[in-house]
Amino acid sequence: MSVAVPKLKRDWIGRQVHLKRQIETRGGIIFNEGEVMNVAAYYQGLTLEAISTCQHCRRRSRQIVTRISINEVELLPEQKP
């Protein structure tokens, strides 16, 4: 499924992407290939965030990875509200 790539950088913000490869941050957080993440910003590459919930305590945490090339992700279709 092919989705048209936005022409403007600001049009990436708020969209969801699918990782094409495993990404590891300097802090040791590992994002697996195929994980769906939200685009939070676009400055010197994409800033991606993932929100996860603990099964035991129901606490939510947000992990962020920066400077990801658009070649490392696949843009997902926009979801209608």
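Report on the accompanying structure. All residue numbers here refer to positions counted from 1 along the written sequence of the relevant chain. Per-residue local features are limited, in this predicted model, to residues with pLDDT of at least 70; the limit for side-chain atom pairs, both in listing and counting, is 80 or more; totals at the level of whole chains, interfaces and linings are taken over all residues. To get the side-chain values, all heavy atoms of the structure are used, and hydrogens and water are removed first.

### Some details on the sheet that holds strand E5 (residues 46-53)
DSSP-based pairing: two strands are paired if at least 2 bridges between them are found. Secondary structure counts use DSSP, requiring at least four H or I residues in a row for a helix and at least two E residues in a row for a strand, with both numbered from the N terminus. The strand order E6-E5-E4-E1-E7 describes an open sheet built from five strands, whose pairing is antiparallel. Looking at which strands have only one partner, the edges of the open sheet turn out to be strand E6 (60-68) and strand E7 (73-75). Neighbour to neighbour, the strand axes of the sheet diverge by 40° on average, direction disregarded. Relative to E5, strand E4 (residues 36-42) runs antiparallel, the two being bridged by four bridges. Looking at the pairing, Ala41 lines up with Thr47 of E5. The convention used is that axes are lines fitted to C-alpha atoms, helices contributing only their stretch in contact, and that angles between N-to-C directions extend from 0 to 180 degrees.

### Re the pairing of E5
In this antiparallel pair of consecutive strands, E4 and E5, the connection spans three residues, and Gln44 shows a positive phi of 55°. Relative to E6, E5 is paired through seven bridges, and the arrangement is antiparallel. Paired with Ile51 across the strands is Arg62, a residue of E6.

### A word on the side chain of Thr25
Following the sequence through the fold, Thr25 ends up in the loop between strand E2 (23-24) and strand E3 (30-31). Partly exposed residues are those whose accessible area sits between 20% and 50% of the maximum for their type, while under 20% is buried and over 50% is exposed, using a 1.4 Å probe and protein chains only. A relative accessible area of 16% means that Thr25 is categorised as buried. Here, two residues are considered to be in contact whenever any of their heavy atoms come within 4.5 Å of each other. With residues up to four places along the chain from it excluded, the contact list for Thr25 reads Phe31, Ile64 and Val65.

### Side note on the pattern of salt bridges
Where charged atoms of side chains with opposite charge meet at close range, the side chains can pair. When a carboxyl oxygen of Asp or Glu is within 4 Å of a side-chain nitrogen of Lys or Arg, the pair counts as a salt bridge. All chains considered together, the criterion is met by three salt bridges. Glu78 is the salt-bridge partner of Arg15, the closest N and O atoms lying 3.8 Å from each other. Taken together, the residues span a long stretch of sequence, with Arg15 in the segment before strand E1 (16-19) and Glu78 in the segment after E7 at a distance of 63 residues. Under the relative-accessibility criterion, Arg15 is labelled buried at 11%. Using a relative accessible area of 58% as the deciding quantity, one classes Glu78 as exposed. For the salt bridge of Glu72 with Arg21, the shortest nitrogen-to-oxygen distance reads 2.7 Å. Here Glu72 is found in the loop between E6 and E7, whereas its partner Arg21 is found in the loop between E1 and E2, with 51 residues between them in sequence. Under the relative-accessibility criterion, Arg21 is labelled partly exposed at 42%.

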